[in-house]
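# Residue-level structure breakdown
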Amino acid sequence: MKVLLVDDDEKIVAAVTRGLESEGFTVESERNGVDGLWRAKEGSYDAIVLDIMLPGRNGFLVCADLRAAGNWTPILMLTAKDGDLDEAEALDTGADDYLVKPFSYPVLIARLHALIRRSGSTAPTVVGVGDLRVDPLAHRVFVGDRQVSLTSREFDVLFYLVHRAGQVLSKHAILDGVWSDDFEGDPNIVEVYVARLRRKLAAYTSLAVIETIRGAGYRLDAA
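Below is a short write-up of the structure. (Residues numbered from 1 in each chain as written. Predicted model: local features only at pLDDT ≥ 70, side-chain atom pairs only at ≥ 80, totals over all residues. Heavy atoms only, no water.)

### Here's the deal with the overall build of the chain
Rules: Under the DSSP-based scheme used, a helix requires at least four consecutive residues in state H or I and a strand at least two consecutive residues in state E, with every element numbered from the N terminus. In this treatment the radius of gyration is a C-alpha quantity, and the globule benchmark scales as 2.2 Å times the residue count to the 0.38 power. For this analysis, residues touch if any pair of their heavy atoms sits within 4.5 Å. Reported accessibility uses the Shrake-Rupley method at a 1.4 Å probe radius. Residues are deemed covered only where the shown protein chains occlude them. Two residue types count as positive, namely Lys and Arg, and two as negative, namely Asp and Glu; His and chain ends fall outside the count. The atom standing in for a charge is NZ when the residue is Lys, CZ when it is Arg, CG when it is Asp and CD when it is Glu.
Of the regular secondary structure elements, the chain holds 8 helices and 11 strands. Taken against the 2.2 N^0.38 rule, which gives 17 Å for 223 residues, the C-alpha radius of gyration of the chain at 18 Å falls within 12% of a compact globule. Overall, the C-alpha framework of the chain stretches about 55 × 35 × 30 Å when taken along its three principal axes. Counted over contacts in the chain with a minimum sequence separation of 6, partners at least 24 positions apart contribute 55%. A total of about 10600 Å² of accessible surface is found on the chain, and carbon and sulfur atoms cover 50% of it. A gap of 4 Å separates the mean positions of the 25 positive and 34 negative side-chain charges of the chain.

Structure (structure tokens):
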């Protein structure tokens, strides 16, 4: 498995490289956002480990540029920052996971394996509820014939709900299904994404509705 590591801290790069290589990963690295973006576009990787605070171009912009270019290589963001706003911004730009420094190497390895495992699974077919259709291959969402603009994480949450339409799903079930298995952030991040999806679907007067089941979780179904 081949990983691109983009971080300007030479000690972290050396330590993470040793740790990943000891687990069988092949690691290539860059020290700034401009070179990291170029290498990510030019090379082929199973995952990208991307620091947020980078010289030249920060990790948020690098991630957003890759997603805009249609590059969906799994991205794990590393940062010394902590807090829901930083996490939300990382996810909104298209990152798949988020890890705060200092971190343990077993957690880093586990999250990378989880990201690569999910990205390498068989691609599912188009699924839908009511007038809502989700195409995971094209990474597009439609209400009727109108395309809905979603962030990468919003798309993942919606696909998880649509794929299990009619089922009541707890916050922790959604976290386990969409985020990494050992997510340590605030479970209420699920509420944030559900609220965003509701607003966007309502703007298109979709017949698909995300219901809150008091004390149990959420259920997506046709109105």
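### Concerning the pairing of strand β10 (residues 208–213)
Looking along a regular strand, one sees the side chains alternate between the two faces of the sheet. Note the cut-off: Whether two strands pair comes down to DSSP finding at least two bridges between them.
With 6 bridges joining them, β10 and strand β11 (residues 217–222) adopt antiparallel strand pairing. Directly across from valine 209, in β11, lies its bridge partner aspartate 221. As consecutive antiparallel partners, β10 and β11 are separated by 3 residues, and within that stretch glycine 215 has a phi angle of approximately 75°, a positive value.

### Digging into the sheet that holds strand β8 (residues 140–143)
This is how the line gets drawn: Between N-to-C directions, angles span 0 to 180 degrees; the directions come from axes that are lines fitted to C-alpha atoms, helices contributing only their stretch in contact.
Here we have 4 strands laid out as an open sheet, ordered β6-β7-β8-β9, and antiparallel in their pairing. The outermost strands of the open sheet, each flanked by one partner alone, are β6 (127–129) and β9 (146–148). Averaged over all neighbouring strand pairs, the angle between strand axes comes to 25°, with direction disregarded. Relative to strand β7 (residues 132–135), β6 runs antiparallel, the two being bridged by 3 bridges.

On their own, these measurements won't tell you what the molecule is for.
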